[in-house]
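# What the coordinates show
Listed here are the chains, written in short residue letters.
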Amino acid sequence: MAASPDVLGLLEGAGYLTRVREGRRNRYRITPGAKFRHPAEADRDIAELLALFAREPGTAASPRTEPRQV
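Residues numbered from 1 in each chain as written. Predicted model: local features only at pLDDT ≥ 70, side-chain atom pairs only at ≥ 80, totals over all residues. Heavy atoms only, no water.

### Digging into the overall build of the chain
If you tally the helices and strands in the chain, you get two helices and three strands. Ordered by position from the N terminus, the helices and strands of the chain form the series α-β-β-α-β. Relative to its 70 residues, the chain shows a buried fraction of 17%. When contacts within the chain are restricted to residue pairs at least 6 apart in sequence, long-range pairs at least 24 apart make up 24% of them. On the chain, roughly 5400 Å² of surface is accessible, and the fraction owed to carbon and sulfur atoms is 55%. (Helix = DSSP H or I, 4+ residues; strand = E, 2+ residues; numbered from the N terminus. Buried < 20%, exposed > 50% of the residue type's maximum accessible area, 1.4 Å probe, protein only. Contact = heavy atoms within 4.5 Å. Areas by Shrake-Rupley, 256 points an atom, 1.4 Å probe, with all protein chains shown as cover.)

Now the structure itself:
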């Protein structure tokens, strides 16, 4: 299993996330409009999936628009 920095690096390299360095921390933003690569899911927005992991417990199901510190 890949470590979190490895997964984030892969997502960033594929264009799903952008990283901004703030001091000693990284902040990641989901790239709006990025789609899955597999033909069966190509019409789905990757932000929908990633937003599930970025939400705070008890918040609405809409994707975040502000950066989330990871």
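### Structural notes on the nonpolar core
With nine residues, the main nonpolar core is built from Leu8, Tyr16, Leu17, Tyr28, Ile30, Ala34, Ile46, Ala47 and Leu50. In this view, Ala34 contacts Gly15, Tyr16, Arg44, Asp45, Ile46 and Ala47; residues no more than four positions away in its chain are not counted. (Core = buried A, V, L, I, M, F, W, Y, C linked by side-chain atoms within 4.5 Å.)

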